[in-house]
Amino acid sequence: MEKNKKAVVVFSGGQDSTTCLFWALEQFDHVEVVTFDYNQRHKQEIEVAEEIAGDLGVRQHVLDMSLLNQLAPNALTRDDIEVKDGEDGELPSTFVPGRNLLFLSFATILARQIGAKHIITGVCETDFSGYPDCRDVFVKSLNVSLNLSMDDDFVIHTPLMWLDKAQTWKMADDLDAFSYVREKTLTCYNGVRGDGCGECPACHLRRQGLENYLSERKEA
Ligand SMILES: [Zn+2]
C-alpha cells in the first residue's frame, strides 16, 4: 500500500483498536483517531484512549455519542445491567444496537472533514461474539452506502477481521507493540487495565488468546 495517505482509526484504547492504531501508523503517513464517548461503564476507557493517543503522538477526536445510551441502554453503559454472554442464539447483554453503524458513519464523516480517505476499525468476525455489526458483509455494505451518500471513495479497513485473538497478539508483536498493548490497553468490562480482572467475558477472551499465542511463540 502507498504510504502517502491519511487515515482515521476508530479508537477505544482496547487491545484491538490499539493494535489497529500501530498497524495504521505503519501503513499511512498521517493518522488521527476518533474515540466515542457513549457513557461507557468506565469513564476510564476515555482516559486510557487519551493517554495512548498521547503516547503515540496522534491527534484524538472525542465525539459525544451519549444518545446511544438514551436509545439503547445496555450492559456496557449501565451498571445495573449484568454483563453476560448470549444463550441459545440470543445477543449478549453487551450488544449496543447500531453501534458500529453509527461509529463508522461518524468516523467517515470526520474523515471527510479532515481530508482522510481511509478509516480503520478493529471489528472481527472470527471470535464472533454474536454482534451482527462486526461481520465483514456488514462493513462492506456500509462502506458502499457511505460512499454513495457522500459521492466519495472512502476505504474502510478491517485488519483484524479474520484473525483470532492469538493472531491479534501476534500482529501486535510483529509491530513491536506486544508489551505496550499488553500493559497499557483496557479491554476488561470491569475497568481493570492490562491483564484485567480475569473474570469477565472480555478478560476470558483476551487471556485465552494471549496464552495460545505465548505457547505458540515458545514452540517457534
Ligand atoms: Zn475483566
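- Taking an unreviewed UniProt entry as the reference, the protein is identified by name as 7-cyano-7-deazaguanine synthase belonging to Halobacillus kuroshimensis.
- Note on the protein: under the UniProt heading Subunit (unreviewed entry), the record states "Homodimer."
- Quoted verbatim from the Catalytic activity (unreviewed entry) field of the UniProt record, the comment on the protein reads "7-carboxy-7-carbaguanine + NH4(+) + 2 ATP = 7-cyano-7-carbaguanine + 2 AMP + 2 diphosphate + 2 H(+)".

**Brief notes about the environment of Cys124**
Okay, step 1: Along the chain, Cys124 falls in the loop between β4 (118-120) and α5 (136-150).
Okay, step 2: Look at Cys124 and you get buried, because its relative accessible area is 16%.
Okay, step 3: The spatial distance from the C-alpha of Cys124 to the C-alpha of Asp136 is 7.8 Å, given a sequence separation of twelve residues.
Okay, step 4: The contact partners of Cys124, leaving out residues within four places of it in the chain, are Cys134, Leu160, Met161 and Leu163.

**Brief notes about the UniProt feature "binding site: ATP" (unreviewed entry) in the protein**
Okay, step 1: The feature "binding site: ATP" (unreviewed entry), as given by UniProt, occupies Phe11, Ser12, Gly13, Gly14, Gln15, Asp16, Ser17, Thr18, Thr19, Cys20 and Leu21 in the numbering adopted here.
Okay, step 2: Positionally, Ser12 belongs in the loop between β1 (6-10) and α1 (15-27).
Okay, step 3: Judged by relative accessible area, Ser12 falls into the partly exposed class, the value being 29%.
Okay, step 4: Within the structure, Ser12 has its side chain in polar contact with the backbone nitrogen of Gly14 (distance 3.3 Å).

**Some words on α5**
In an α-helix there are 3.6 residues to a turn, and that puts residues three or four apart on one side.
Okay, step 1: With 15 residues, α5 ought to run about 21 Å at 1.5 Å a step, and its terminal C-alpha atoms sit 21 Å apart, in line with that.
Okay, step 2: The complete set of buried residues in α5 reads Asp136, Phe138, Val139, Leu142, Asn143, Leu146, Asn147 and Met150. Axial view of α5: buried residues confined to an arc of 165 degrees, hence all on one face. The exposed residues of α5 that point more than 90 degrees off its buried face are Val137, Lys140, Val144 and Leu148.
Okay, step 3: Contact partners of the buried residues in α5: α4 (99-114) and β5 (155-157).
Okay, step 4: After α5 finishes, the residue Asp151 shows a positive phi value of roughly 50 degrees.

**Quick word on the UniProt feature "binding site: Zn(2+)" (unreviewed entry) in the protein**
Okay, step 1: Feature annotation in UniProt places "binding site: Zn(2+)" (unreviewed entry) on Cys188, Cys197, Cys200 and Cys203, given in this structure's numbering. Despite a sequence span of 16 residues, these residues sit close together in the fold, their greatest C-alpha distance being 6.9 Å.
Okay, step 2: Turning to its location among the elements, Cys197 is positioned in the loop between α7 (178-184) and α8 (201-219).
Okay, step 3: The contact partners of Cys197, leaving out residues within four places of it in the chain, are Cys188, Asn190, Val192 and Cys203.
Okay, step 4: Its location among the elements puts Cys203 in helix α8.
Okay, step 5: Those residues in contact with Cys203 that lie beyond four places of it in its chain are Cys188, Asp195, Gly196, Cys197 and Gly198.

**Some remarks on the environment of Glu51**
Okay, step 1: Along the chain, Glu51 turns up in helix α2 (residues 44-56).
Okay, step 2: Between the alpha carbons of Glu51 and Gly13 there is a distance of 8.6 Å; along the sequence they are 38 residues apart.
Okay, step 3: Look past the residues within four positions of Glu51 in its chain and what remains in contact with it is Lys184 and Arg193.

**Examining α4**
Okay, step 1: Helix length check: α4, at 16 residues, gives a terminal C-alpha distance of 22 Å against a target of 22 Å (1.5 Å per residue), a fit within 8%.
Okay, step 2: Along α4, the residues classified as buried are Arg99, Asn100, Phe103, Leu104, Ser105, Ala107, Thr108, Leu110, Ala111 and Ile114.
Okay, step 3: Trailing α4 by a residue or two, Gly115 shows a phi angle of about 75 degrees, which is positive.

**Points about unusual backbone geometry**
Okay, step 1: Even without glycine at this site, Asp151 takes up a positive phi of about 50 degrees.
Okay, step 2: Here Asp151 lies in the loop between α5 and β5.
Okay, step 3: Residue Asp151 is classed as exposed on the basis of its relative accessible area, which comes to 72%.
Okay, step 4: Here Asp176, not a glycine, exhibits a phi torsion of approximately 60 degrees, which is positive.

**Observations regarding the coordination of the zinc ion**
Okay, step 1: Taken together, Cys188 (SG), Cys197 (SG), Cys200 (SG) and Cys203 (SG) make up the protein donors of the zinc ion, found 2.3 to 2.4 Å from the metal.
Okay, step 2: Relative to the metal, the four donor atoms surrounding the zinc ion lie at angles of 102 to 116 degrees, and the coordination shape comes out tetrahedral.
Okay, step 3: The sequence motif formed by the donor residues of the zinc ion is C-x8-C-x2-C-x2-C.
Okay, step 4: The partly exposed category is assigned to Cys197, whose relative accessible area is 25%.

Rules used in this analysis
Residues numbered from 1 in each chain as written. Predicted model: local features only at pLDDT ≥ 70, side-chain atom pairs only at ≥ 80, totals over all residues. Heavy atoms only, no water. UniProt positions renumbered as here; feature names shortened; annotations may be inferred. Helix = DSSP H or I, 4+ residues; strand = E, 2+ residues; numbered from the N terminus. Buried < 20%, exposed > 50% of the residue type's maximum accessible area, 1.4 Å probe, protein only. Contact = heavy atoms within 4.5 Å. Polar contact = N/O pair within 3.5 Å; in protein donor to acceptor, adjacent residues only side chain to side chain. Expected span 1.5 Å × (residues − 1). Arc of directions from axis to C-beta. Donors = N, O, S within 2.8 Å, 3.2 Å for Na, K, Ca; no water. Tetrahedral: all angles 85-135°; square planar, octahedral: opposite > 155°, others 65-115°.

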